[in-house]
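Coordinate analysis (summary)
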Amino acid sequence: MNEAPNLVYIKELADGSKDFEQKLIAIITREFAEEKNEFFENYNGKLYLKTAENVHKIKHKIGMLGFEKGYQTAVDFEEGLKENDPSLYSKFILILESIEHFLKTL
Amino acid sequence: MNCIIIDDEETARVIIQQLCSQVDKLNVVQDFPNAIQAIKFLNKEEVDLIFLDIHMPDFTGFDFIDTLKNPPKIILTTSDKDFALEAFEYDCIIDYLVKPITLPRFIKAIQKAESTPAVSPSAASVEQATATSSAEENELYINIDRRLIKINIPTINLIEAKGDYVLIKTEKQNYTVHSTLKKVEEKLPDDLFLKVHRSYIINIKKIIDIEDNSVLIAKDVIPVSRSNRPELMKRLNML
């Protein structure tokens, strides 16, 4: 995976407000951890429809953090899960790991 | 314009609030993590515009719109592009924003909202829905948005209690009605339906499989209370 997360969207949205930037990053970090845990729980239980819902939510954060190819991977993974096809799991995990690492550096 | 935001994701709510703060004419009255809370609010207050997430657990954005008697202008916010066609079926939906939402695209949606005439003279209010039935004819009528909608009882998969509302899931469509599980239960034939949990009534004919303390109906896994399990097992035609 060649893409790396960035804060371009969040900074544009913050329009110079450091307070807003910090507030949003804190919410994203908290929600991402919750959504990721739920994702693994459902995936490991082979509850693919519920997993697709988790991917759907995480997808927004993937887009916000500047992933373009990664966003498409999430879209395809979500659709695959709805059809009982989890084959994009490994690719999706790389995106999650990248985001997790990035959020820790902020 | 007074507006509210409905989205189960806090990140999304905060982003839309921030976008609203960058447009002078918008005043965010309140935001809600689910549609039920928003419905309660709209029973008492009027708004001009709603930012509405489509994809929410249990009660979707479209379910929400279906409960509104006089819906105000609605801008859908979603991570799905696939719902655009369905959105065009609603006069109150004036735009469709795909997340992550940028400021220029947001402003364009607001301009569209300003130039679009109000959908109705008053803002949103919610129809108190009631159910009547004709058990002999296998029909159940539900009152949504001043329309009596007929449901063919055998096509009902399950009914789920959701606070002051019930969600009726049929083979083709879901309906949210202001009622109680008890009231709905009274309208359904005993031979077809069984309450398996304090929040669920199921159509026995729709069971796909049973595992421990749950049943699978269409794509829904429904919990079965320990106290209701014997009755359920009794009703099954088992080898």
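In what follows, the structure referred to is the one given above.
Quick summary incoming for the structure in this document. (Residues numbered from 1 in each chain as written. Chains lettered and ligands numbered in written order. Predicted model: local features only at pLDDT ≥ 70, side-chain atom pairs only at ≥ 80, totals over all residues. Heavy atoms only, no water.)

1. Quick notes on the interface of chain A and chain B
Rules: Contacts were defined at the residue level, with two residues in contact if any of their heavy atoms lie within 4.5 Å. Salt bridges are identified by distance alone: a Lys or Arg side-chain nitrogen within 4 Å of an Asp or Glu carboxyl oxygen. Polar contacts, as counted here, are pairs of nitrogen or oxygen atoms within 3.5 Å of one another; within protein the pair requires one atom able to donate a hydrogen and one able to accept it, and residues that are adjacent in sequence qualify only if both atoms are side-chain atoms. Only runs of H or I of at least four residues qualify as helices and only runs of E of at least two qualify as strands under DSSP, and these elements are numbered from the N terminus. Here the term charged refers only to Asp, Glu, Lys and Arg, the term nonpolar to Ala, Val, Leu, Ile, Met, Phe, Trp, Tyr, Cys and Pro, and the term polar to all other amino acids, Gly among them.
The interface of chain A with chain B comprises 24 residues on the first partner and 19 residues on the second. Taken together, the links from chain A to chain B amount to three salt bridges. The salt bridge involving A:Lys61 is made with B:Glu9; its shortest N-O contact spans 2.6 Å. Linking chain A with chain B are eleven residue pairs in polar contact (both at pLDDT 80 or more), by the criterion used here. For the side of chain A that touches chain B, the secondary-structure elements that each account for two or more residues are α1 (8–14), α2 (18–44), α3 (48–64) and α4 (69–82) of chain A. Ranked by residues supplied to the side of chain A that touches chain B, first place goes to α3(A) with nine residues. In the side of chain A that touches chain B, the residues fall into ten nonpolar, three polar and eleven charged.

2. Observations concerning the nonpolar core
Threshold: Think of a nonpolar core as a cluster: buried Ala, Val, Leu, Ile, Met, Phe, Trp, Tyr and Cys residues, connected wherever their side-chain atoms sit within 4.5 Å. The cut-offs for exposure are 20% and 50% of the maximum accessible area for each residue type, with area from a 1.4 Å probe on protein chains only; residues under the lower value are buried, those over the upper are exposed, and the others partly exposed.
Membership of the largest hydrophobic core comes to 51 residues, with the highest contact counts inside it found for A:Leu24, A:Ile62, A:Phe92, B:Leu26, B:Leu49, B:Phe51 and B:Phe106. Considering every element that reaches this core, the biggest residue donor is α2(A), with eight residues. Among all residues touching B:Phe106, those that are not within four sequence positions of it are B:Ile16, B:Leu19, B:Cys20, B:Val23, B:Leu26, B:Phe51, B:Leu97 and B:Ile101. Core analysis: the second largest hydrophobic core is formed by 27 residues, B:Ile39, B:Phe62, B:Leu76 and B:Ile93 among them.

3. Structural notes on empty space enclosed by the protein
The cut-off we apply is this: Here a cavity means grid points, on a 1 Å grid over the protein atoms only, where a 1.4 Å probe fits yet cannot get out; a pocket means an open set of points with protein on both sides within 12 Å along at least five of seven lines; lining residues are those with an atom within 4 Å of a point. Grid points are joined across faces, edges and corners, and a volume is the space filled by probe spheres set on the points.
What the rule picks out here adds up to two cavities of 30 Å³ or more. Taken as a whole, the largest cavity encloses approximately 60 Å³ of empty space. Contributing to the lining of the largest cavity are A:His56, A:Lys57, A:His60, B:Asp7, B:Asp8, B:Glu9, B:Asp53, B:His55, B:Ser79 and B:Lys99. At three residues, α3(A) tops the list of elements feeding residues into the lining of the largest cavity. Across the lining of the largest cavity, the residue classes break down as no nonpolar, four polar and six charged.

4. So, the environment of B:Asn34
All names here are of chain B. Note on placement: Asn-34 falls in the loop between β2 (27–32) and α2 (35–42). Here Asn-34 falls in the partly exposed class, since its relative accessible area comes to 28%. In the structure, Asn-34 is positioned 25 residues away from Glu-9 in sequence and 9.3 Å away in space, judged by C-alpha atoms. Within the structure, Asn-34 has its side chain in polar contact with the backbone nitrogen of Gln-37 (distance 2.9 Å).

5. Section: the side chain of B:Lys73
Residues and elements named next belong to chain B. To keep it simple, the criterion reads: In summary, the charge assignment counts Lys and Arg as positive and Asp and Glu as negative, without counting His or the chain termini.
Mapped onto the secondary structure, Lys-73 falls in strand β4 (residues 73–78). There is no salt bridge for the buried Lys-73, and the closest opposite charge comes from Asp-48, which lies 7.6 Å off by N-O distance. A polar contact of 2.7 Å, which involves the side chain of Lys-73, links it to the backbone oxygen of Ala-113. Of the polar contacts made by the side chain of Lys-73, one reaches the backbone oxygen of Thr-116; its length is 2.6 Å.

6. Examining the sheet that holds strand β10 (residues 165–170) of chain B
Residue and element names in this part refer to chain B. Rules: Think of it this way: DSSP has to see at least two bridges between two strands before they count as a pair. Here, axes are lines fitted to C-alpha atoms. For helices the fit covers the stretch in contact, and angles between N-to-C directions go from 0 to 180 degrees.
If you trace the five strands from one edge of the open sheet to the other, you get β11-β10-β9-β13-β12, paired in antiparallel fashion. Strands at the two margins of the open sheet, each flanked by one partner only, are β11 (174–177) and β12 (193–197). Neighbour to neighbour, the strand axes of the sheet diverge by 20° on average, direction disregarded. In terms of strand pairing, strand β9 (residues 156–162) meets β10 through six bridges, oriented antiparallel. Of the residues in β10, the one forming a bridge with Ile-156 is Thr-170.

7. As for the packing of α2(A) against helix α5 (residues 89–105) of chain A
For any two helices packed against each other, the geometry comes down to the angle between their axes and how far apart the axes lie. All names here are of chain A. For clarity, the cut-off: Angular relationships are summarised with four words: roughly parallel below 35 degrees, roughly antiparallel beyond 145, roughly perpendicular across 65 to 115, and oblique for the angles in between. Throughout, a crossing is termed right-handed when the near helix is turned clockwise from the far one, and left-handed when it is turned anticlockwise from it by less than a right angle.
α5 packs onto α2 with a crossing angle of 155° between their chain directions and a minimal axis gap of 11 Å. What the angle tells us is that α2 and α5 run roughly antiparallel. Crossing of α2 against α5: the hand is left-handed. Each of Ile-28, Thr-29, Phe-32, Lys-36, Phe-39, Phe-40 and Tyr-43 in α2 lies in contact with α5, whose residues at this interface are Tyr-89, Phe-92, Ile-93, Leu-96, Ile-99, Glu-100 and Leu-103.

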